[in-house]
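# Architecture at a glance
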Amino acid sequence: MRRIALLGATGSIGASALDVIARHPDRFAVSVLSAHARVDELVALCRRHRPQHAVIGQAGKYAALRDGLAAAGLPTQAHAGPQALAEAAADAESDTVIAAIVGAAGIASTLAAARAGKRLLLANKESVVLAGDLLMRECRANSTQIIPIDSEHNAIFQCLNGQPADLAKVAKLILTASGGPFLNRSRAELAGVTAEQACRHPNWSMGRKISVDSATLMNKGLEVIEAHWLFGMPAARIDVLVHPQSIIHSLVEQADGSVLAQLGRPDMRTTLACGLAWPERVASGVAAPDLGALGALTFQPPDRATFACLDLAYAALNAGGTAPATLNAANEVAVDAFLHGHIGFLDIPAAIAATLDACDIAPAADLDALLAADAAARRQAGTQVRRLAGANA
Ligand code: NAD
Ligand code: MG
């Protein structure tokens, strides 16, 4: 029986994970569920999945969670605050942690799971971007197995059969990108797009932050950095290919010219079932793609000039040190401002570029250095967002 701590249970990945888990009560049980602020939703999930522990990220909501669990007649213990989240990730009652919190807020719990030697089903890509070197070192030191829960990296993981990438055999990793809702649009056409339009992804149903990241191609940029750390691949050997149907989730090019790919419908339950059952396979609730009905799969290069975030991510990865942490924090601030209608879509890359220019890059010596860079970048990006919002007004 796999005992699972699901951090970020109320999100899009959280819902997909619980769907797969509930299909296999003989194999999977939930030991911990967490949410950021929505107590009622968390209590409802506890009623259904009966974890030992529930954690609400906002410390001030402890009493509401405790009382809600008691009113529901549940024995689930209530906890609150960021420290409790990190403790829940290391809890001895679980052997598996699904890291499905969005943003750099997931770093402490992701690292705690890595240090505790859990099977780490890693959806929280921002923590890899922020602290990839540190995270991979903790995983090696504690024999922690990471199974990527990002469809692209999970595809590569499957193509490599769960083994480390052998740089003598693997020539390139090729990450596919849907291109998002604004594929083939010009800069002029992007100037006035709204948050609602950006969140209307053609293939995937996801949280709002990653939906905007998909629209700007920053999601693919973050994934390039993620692939670099997860598979030890140099940036120059990670390519991005636009594939609008989102059926091929990524490809691994071998030294002899052979290319392996993984295919599936764009539904994260397939990815989560793979991670939960690996190396076995279990039903996910998702059928295999009907290639005959699809007829054609198409490919095109990304438009790097229009979607500037992709090259900003490559530049941050090549700059190294705290630059990816700066990129990630600036992106979180800019996307949040866009979602709130304060800045335009094209202001997102502008704010990130200006933040990267203004912030010093330091070595990524330890978590303190990375968190300091994250905080400085958030302050700087806030300044840039206010400047851009003023220019639009
Ligand atoms: P979401 O916004 O739907 O859910 C986020 C979850 O994190 C929620 O449960 C929320 O309560 C929790 N959370 C948010 N802020 C928090 C904080 N400060 N402290 C504690 N908890 C907090 O997001 P999502 O789409 O499920 O994405 C989650 C992660 O998975 C992201 O890193 C995303 O990039 C990654 N991911 C998502 C998908 C997808 O299909 N949705 C695919 C690949 C990767
Ligand atoms: Mg992805």
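Below is a summary of the structure that appears in this document. Everything quoted here is computed from the prediction, not taken from an experiment.

### Quick word on the packing of helix 4 (residues 82–89) against helix 5 (residues 107–115)
Put simply, helix 4 and helix 5 touch, their axes get as near as 7 Å, and they point 25 degrees apart. Taken as axis vectors, helix 4 and helix 5 run roughly parallel relative to one another. When you trace helix 4 past helix 5, the crossing you get is right-handed. Together, Leu85, Ala86 and Ala89 of helix 4 and Ala108, Ser109, Ala112 and Ala113 of helix 5 make up the contact between the two elements.

### A few points about the pairing of strand 1 (residues 2–7)
Of the pairings in the sheet, the one linking strand 1 to strand 2 (residues 28–35) comprises 6 bridges and is parallel in character. In the sheet register, Arg3 faces strand 2, and the bridge partner there is Ala29. Handedness of the crossover is the feature at issue here: the chain leaves strand 1, passes through helix 1 (residues 12–22), returns alongside strand 2, and the resulting connection is right-handed. Relative to strand 5 (residues 96–99), strand 1 runs parallel, the two being bridged by 4 bridges. Residue pairing in the sheet places Leu6 in a bridge with Ile98 of strand 5.

### Some thoughts on the environment of Gly382
Turning to its location among the elements, Gly382 is positioned in helix 17 (residues 367–392). Once the C-alpha coordinates of Gly382 and Val333 are considered, the two residues, 49 residues apart in sequence, prove to be 6.7 Å apart.

### Topic: the layout of surface pockets
Of the pockets and cavities examined, the second largest pocket occupies roughly 400 Å³. If you trace the second largest pocket, you find 16 residues lining it, with Met136, Ile146, Gln163, Pro164 and Leu230 closest to the centre. Taken together, the residues of the lining of the second largest pocket sort by class into 10 nonpolar, 5 polar and 1 charged. Mapping the lining of the second largest pocket onto the domain boundaries places at least three of its residues in each of domain 1 (2–148) and domain 2 (150–304).

### Structural notes on empty space enclosed by the protein
To locate leftover empty space, one rolls a probe as large as a water molecule over the atoms. A full pass over the atoms with the stated rule returns 2 cavities of 30 Å³ or more. In this structure, the largest cavity occupies an estimated 60 Å³ of space. Across the lining of the largest cavity, the residue classes break down as 1 nonpolar, 7 polar and 2 charged. Around the second largest cavity, the lining residues are Leu190, Thr216, Thr306, Phe307, Ala308, Cys309, Phe345, Leu346 and Pro349. Residues belonging to the lining of the second largest cavity are distributed by class as follows: 7 nonpolar, 2 polar and no charged.

### Structural notes on the pairing of strand 3 (residues 53–56)
Taking every second residue as pointing to the same face, both faces of strand 3 are buried, with His53 and Val55 on one and Ala54 and Ile56 on the other. Relative to strand 3, strand 2 is paired through 4 bridges, and the arrangement is parallel. Bridge pairing in strand 3 links Val32 to His53. By the bridge criterion, 4 bridges tie strand 3 to strand 4 (residues 77–80) in an arrangement that is parallel. Within strand 4, the residue paired with Ile56 across the bridge is Ala80. Between strand 3 and its parallel partner strand 4, the chain crosses via helix 3 (residues 62–71), and the hand of that crossover is right-handed.

### A short note on helix 7 (residues 151–159)
Most of helix 7 is tucked away, with 9 of its 9 residues classed as buried. Inspection of helix 7 places Ser151, Glu152, His153, Asn154, Ala155, Ile156, Phe157, Gln158 and Cys159 among the buried residues, and these make up the whole buried set. Buried-residue contacts for helix 7 involve strand 7 (145–148), strand 8 (170–177), helix 11 (218–231), strand 10 (248–254), strand 11 (259–263) and helix 12 (268–277). Looking one or two places after helix 7, you find Asn161, whose phi comes out positive at around 55 degrees.

### Quick look at unusual backbone geometry
Put simply, Trp278 and Pro279 share a cis peptide bond, and its omega is 5 degrees. Looking at the element boundaries, Pro279 is found in the loop between helix 12 and helix 13 (291–294). Its identity as a non-glycine residue notwithstanding, Arg50 has a phi of 55 degrees, on the positive side. In this structure, Arg50 sits in the loop between helix 2 (39–49) and strand 3. Of note, Asn184 is a non-glycine position whose phi angle comes to about 70 degrees, a positive value. Here Asn184 is to be found in the loop between strand 8 and helix 8 (187–190).

### Topic: the coordination of the magnesium ion (ligand 2)
Protein-derived coordination of the magnesium ion (ligand 2) comes from Asp150 (OD), Glu152 (OE) and Glu223 (OE), at a distance range of 2.1 to 2.2 Å. Linear spacing of the donor residues for the magnesium ion (ligand 2) on their chain is D-x1-E-x70-E. Placement of the pair is Glu152 in helix 7 and Glu223 in helix 11, with a sequence separation of 71 residues. On the basis of relative accessible area, Glu152 is assigned to the buried category, the value being 7%.

### A look at the packing of aromatic side chains
Taken as a whole, this structure holds 3 aromatic pairs when the rule is applied. Ring geometry for Phe338 versus Phe345: centroids 5.7 Å apart, planes at 70 degrees, classification edge-to-face. Per residue, the accessibility class of Phe338 equals that of Phe345, and both read buried. Taken together, the ring pairs connect Phe182, Phe338 and Phe345 into an aromatic cluster.

### Regarding the site of ligand 1
Taken together, 23 residues sit near ligand 1, with Thr10, Ser12, His36, Glu126 and Gly207 positioned nearest. A distance of 3.1 Å separates an oxygen atom of ligand 1 from a polar atom in the backbone of Gly11. At a separation of 3.3 Å, an oxygen atom of ligand 1 approaches a polar backbone atom of Ala123. In isolation ligand 1 offers 830 Å² of accessible surface; the protein chains occlude 86% of this area. Of the residues belonging to the shell around ligand 1, the class tally is 13 nonpolar, 7 polar and 3 charged. When residues of the shell around ligand 1 are assigned to domains, at least three map to each of domain 1 (2–148) and domain 2 (150–304).

Scoring rules and cut-offs
Note on numbering: residues in each chain are counted from 1, in written sequence order. The order in which chains are written sets their letters, starting at A; the order in which ligands are written sets their numbers, starting at 1. The predicted origin of the model limits local features to residues at a pLDDT of at least 70 and limits the giving and counting of side-chain atom pairs to 80 or more, whereas totals for whole chains, interfaces and linings rest on all residues. Note: side-chain values were computed over all heavy atoms of the structure, leaving out hydrogens and water. For helices, the fitted line uses only the C-alpha atoms of the stretch in contact; every axis is such a line through C-alpha atoms, and the angle between N-to-C directions lies from 0 to 180 degrees. Each helix is a run of H or I in the DSSP string that is no shorter than four residues. Each strand is a run of E no shorter than two, and both are numbered from the N terminus. Throughout, the term roughly parallel applies to angles under 35 degrees, roughly antiparallel to angles over 145, roughly perpendicular to angles from 65 to 115, and oblique to all others. Should the near helix be turned counterclockwise from the far one by less than a right angle, the crossing is left-handed, whereas a clockwise turn marks it as right-handed. Residue contacts follow a heavy-atom distance rule, with two residues in contact if any of their heavy atoms lie within 4.5 Å. DSSP bridges decide pairing: two strands pair if at least two such bridges lie between them. Here a crossover is taken to be right-handed if, once the strands point away from the viewer, the path from the first strand over the helix to the second is traced clockwise. With a 1 Å grid spanning the protein atoms alone, the term cavity applies to any set of points in which a 1.4 Å probe fits but cannot get out, the term pocket to an open set with protein on both sides within 12 Å along at least five of seven lines, and the term lining residue to any residue with an atom within 4 Å of a point. Grid points are joined across faces, edges and corners, and a volume is the space filled by probe spheres set on the points. Each residue gets one label: Ala, Val, Leu, Ile, Met, Phe, Trp, Tyr, Cys and Pro are nonpolar, Asp, Glu, Lys and Arg are charged, and the others, such as Gly, are polar. Residue ranges labeled as domains rest on an automatic or database domain assignment. Only protein chains enter the area calculation, which uses a 1.4 Å probe; residues under 20% of their type maximum are buried, those over 50% are exposed, and those in between are partly exposed. Here the term donor refers to an N, O or S atom within 2.8 Å of the metal (or 3.2 Å for Na, K and Ca), and because water is left out of the atoms, sites may appear incomplete. Note on aromatic pairs: the rings of Phe, Tyr and Trp (six-membered ring only in Trp) are paired at centre separations within 6.5 Å, and the planes decide the class, stacked below 30 degrees, edge-to-face beyond 60, tilted for the rest. Any residue with at least one heavy atom within 4 Å of a molecule or strand is counted as near it. Nitrogen and oxygen atoms within 3.5 Å of one another constitute a polar contact, given that in protein one can donate a hydrogen and the other can accept it, and given that sequence-neighbouring residues count only through two side-chain atoms. In these tables, accessible area is a Shrake-Rupley quantity obtained with a 1.4 Å probe, and a residue counts as shielded only by the protein chains included in the view.

Honestly, it's all geometry; don't read function into it.
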